Amino acid sequence: RNNELTTFGFIFNTTQEPVSDVRVRRAIAMAVDRQVLIEAVSQGVGAVAYSPVPPGMPGYDAQAGREYAFDPAKARSALAEAGFGDPGSFPKLTITFSDNTSIRVRAEFFQAQMKQNLGVEVVLEALESRAYQQRNNARQFQMAFGGCGADYPDPDNIVPEVFGSKSGNNRTGYAS
């Protein structure tokens, strides 16, 4: 097995409704069965991750993010706390991604998980690679498929680069 210091997943543009609400982001995170994603969609390649710091990296904390483990009941409760007790009241959720077979299959899995576990409709927006990169760099998406890989084995090579409020690689708009 080849271990890479890389994580992949769907990212939120925290400047856009409804994913600007942390309760909505929590609900979405808890509504995805990551183990099934690895086993069925990725044919067993990969490991479940709950944080951007991948297993195997020095400083990796196996408990970080575990509160977002798959739990559809908690996910529906978090969505209700955000004001969406009726899933039909949830606004359109769009996932933008670079259109290739591997990512499309993951996006379709995510779409099915949202429908099955939250009752939320998700629209898939597949773009050609260059158009996707332009939109991603300009933060013109609600949700997108992304990943981050370390150049060297240190969480400082990922966390401040991807989530730092002033980082040029912060595609999420997250600031703390």
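As the structure is a prediction and not an experimental result, all values here were calculated from the model.

(A) Representation of helix α5 (residues 129–137) within the structure. Taking the backbone nitrogen of arginine 130 as reference, a side-chain oxygen 2.8 Å away marks glutamate 128 as the first, capping residue of α5. With its phi angle positive at about 55°, arginine 139 sits one or two positions after the end of α5.

(B) Structural context of the sheet that holds strand β1 (residues 6–12). Pairing within the open sheet is mixed, and its four strands lie in the order β1-β4-β2-β3. The open sheet terminates on both sides in strands that have one partner only, identified here as β1 and β3 (122–127). Across the sheet, the mean angle separating the axes of adjacent strands is 30° when strand polarity is ignored. Strand direction decides the pairing type here: β1 and strand β4 (residues 143–149), joined by seven bridges, are antiparallel. Bridge pairing links phenylalanine 12 to methionine 143 in β4.

(C) Representation of the environment of alanine 80. Residue placement: alanine 80 occurs in helix α3 (residues 72–81). The exposure class of alanine 80 is partly exposed, given its relative accessible area of 38%. Counting along the chain gives 46 residues from alanine 80 to arginine 34, while the straight-line C-alpha distance between them is 22 Å.

(D) Inspection of the packing of aromatic side chains at higher detail. Applying the stated rule across the entire model yields four aromatic pairs. Where phenylalanine 10 meets phenylalanine 110, the ring centres are 4.8 Å apart and the plane angle is 35°; that geometry is what we call tilted. Taken as a pair, phenylalanine 10 in strand β1 and phenylalanine 110 in helix α4 (residues 101–118) lie far apart in primary sequence, 100 residues in all. Given the relative accessible area of 4%, phenylalanine 110 is considered buried. Geometrically, the ring pair formed by phenylalanine 84 and phenylalanine 90 is edge-to-face, given 4.9 Å between the ring centres and 70° between the ring planes. According to the relative accessible area criterion, phenylalanine 84 is buried, its value standing at 16%. Overall, the relative accessible area of 9% leaves phenylalanine 90 in the buried class. Among the aromatic side chains, those forming a connected cluster through ring pairs are Phe8, Phe10, Phe110 and Phe145.

Calculation criteria
Residues numbered from 1 in each chain as written. Predicted model: local features only at pLDDT ≥ 70, side-chain atom pairs only at ≥ 80, totals over all residues. Heavy atoms only, no water. Polar contact = N/O pair within 3.5 Å; in protein donor to acceptor, adjacent residues only side chain to side chain. Helix = DSSP H or I, 4+ residues; strand = E, 2+ residues; numbered from the N terminus. Pairing = 2+ DSSP bridges. Axes fitted to C-alpha atoms, helices over the stretch in contact; angles between N-to-C directions. Buried < 20%, exposed > 50% of the residue type's maximum accessible area, 1.4 Å probe, protein only. Phe/Tyr/Trp six-rings, centres within 6.5 Å; stacked < 30°, edge-to-face > 60°.

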